[in-house]
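# Inside the fold
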Amino acid sequence: MATFIVLLGPPGVGKGTQAKILSERTGLAHISSGDLFRENLKNQTELGKLAQTYMTKGELVPDDVTIAMIRDRLIRPDCKAGAILDGFPRTPAQAEALESMLQEFNGQVDTVPVIIVADDELVERLSNRWTCRASGHVFNSKSNPPKVAGKCDFDRSELYQRDDDKAETVKHRIQVYMDQSLPLISYYRDRGKLLEINGMQSIEAVNQTLMEALKK
Ligand code: AP5
Ligand code: MG
């Protein structure tokens, strides 16, 4: 049966950073709902234009649109063995939809690590984040600087600061997480799938903690 890992945690906690490393180390595909929306935006698709109206405000894109996009991604061949889901599900309705989609694809959610850090650390991490245009690799001018300023280490593409990383929007995104995504913690805890991960460590140490926890 295919293995799906759902990474939970508020904006800026390090989901994308950890998902990329986990994907390299486990061979599972990395699916980031935010990256998929940003890719659509870059290509000026109808989906991208619609998503942008929510993303710039720090609001969630409607469930039906998001679920349909993830369904299209899950049917791709690289998800046969499973995937690491980063940013999806984000509402109870998305979690229910994921469960029924995975049944169809002969998979299930195995474990749900939730990364935990202090609130002021989230704001600090996001205000210093730099993201690569080509494929969404993330850096941090303080904690994880690129080798060459302004250039991605992996594909040399330009680094930019996300529109929704402005202080005001970040605060709103954290509030939206509290209001709409926090119920997922008890949803997965009740199903015996939740793993709490201390995110107040270096990127490598968080990854070691995650790998150890996933082995068990
Ligand atoms: P999305 O792109 O998913 O943003 P997010 O959840 O707000 O999360 P972030 O990407 O901001 O943070 P992250 O946890 O990935 O942290 P990162 O690894 O980059 O979503 C954007 C928008 O799209 C949403 O607001 C919504 O509009 C829409 N959307 C997406 N999914 C949706 C859904 N399912 N339903 C509806 N709408 C949806 O790390 C952050 C920074 O910290 C980086 O600079 C990194 O280098 C640094 N860092 C990472 N780890 C550490 C560490 N251990 N120590 C020090 N620094 C670290
Ligand atoms: Mg991310």
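These notes cover the structure that comes with them. Keep in mind the model is a prediction, meaning the values are calculated, not measured.

The subject of this paragraph is the sheet that holds strand E5 (residues 129–132). Taken in spatial order, the three strands line up as E6-E5-E7 in an open sheet, and their pairing is antiparallel. Each of the sheet's edge strands pairs with one partner strand only, and the pair in question is strand E6 (138–140) and strand E7 (159–160).

Moving on to the pattern of salt bridges. Tallying each qualifying case throughout the model produces 18 salt bridges. Here Glu204 and Arg25 are joined by a salt bridge, their closest N and O atoms 3.2 Å apart. Here Glu204, found in helix H9 (residues 203–215), pairs with Arg25, found in helix H1 (residues 15–26); they are 179 residues apart in sequence, far enough to count as distant. Here Asp35 and Arg38 are joined by a salt bridge, their closest N and O atoms 2.9 Å apart. Residue Asp35 and its partner Arg38 are both found in helix H2 (residues 33–42); the two are separated by three residues, about one turn of the helix. Given a relative accessible area of 18%, Arg38 falls into the buried group.

Time to look at the sheet that holds strand E8 (residues 194–198). Read from one edge of the open sheet, five strands run E2-E3-E1-E4-E8, paired in parallel fashion. Lying at the two open borders of the sheet, with one neighbouring strand each, are strand E2 (29–32) and E8. In this sheet, adjacent strand axes meet at a mean angle of 25° when their direction is disregarded. Sheet topology note: the strand E4 (residues 107–116)/E8 ladder contains five bridges and is parallel. From the neighbouring strand, Val112 faces E8, where its bridge partner is Leu194. Running over the sheet, helix H8 (residues 183–190) touches strand E1 (2–7), E4 and E8 and is turned about 125° from E8.

What counts, and at which threshold
- Residues numbered from 1 in each chain as written.
- Chains lettered and ligands numbered in written order.
- Predicted model: local features only at pLDDT ≥ 70, side-chain atom pairs only at ≥ 80, totals over all residues.
- Heavy atoms only, no water.
- Pairing = 2+ DSSP bridges.
- Helix = DSSP H or I, 4+ residues; strand = E, 2+ residues; numbered from the N terminus.
- Salt bridge = Lys/Arg side-chain N within 4 Å of Asp/Glu carboxyl O.
- Buried < 20%, exposed > 50% of the residue type's maximum accessible area, 1.4 Å probe, protein only.
- Axes fitted to C-alpha atoms, helices over the stretch in contact; angles between N-to-C directions.
- Contact = heavy atoms within 4.5 Å.

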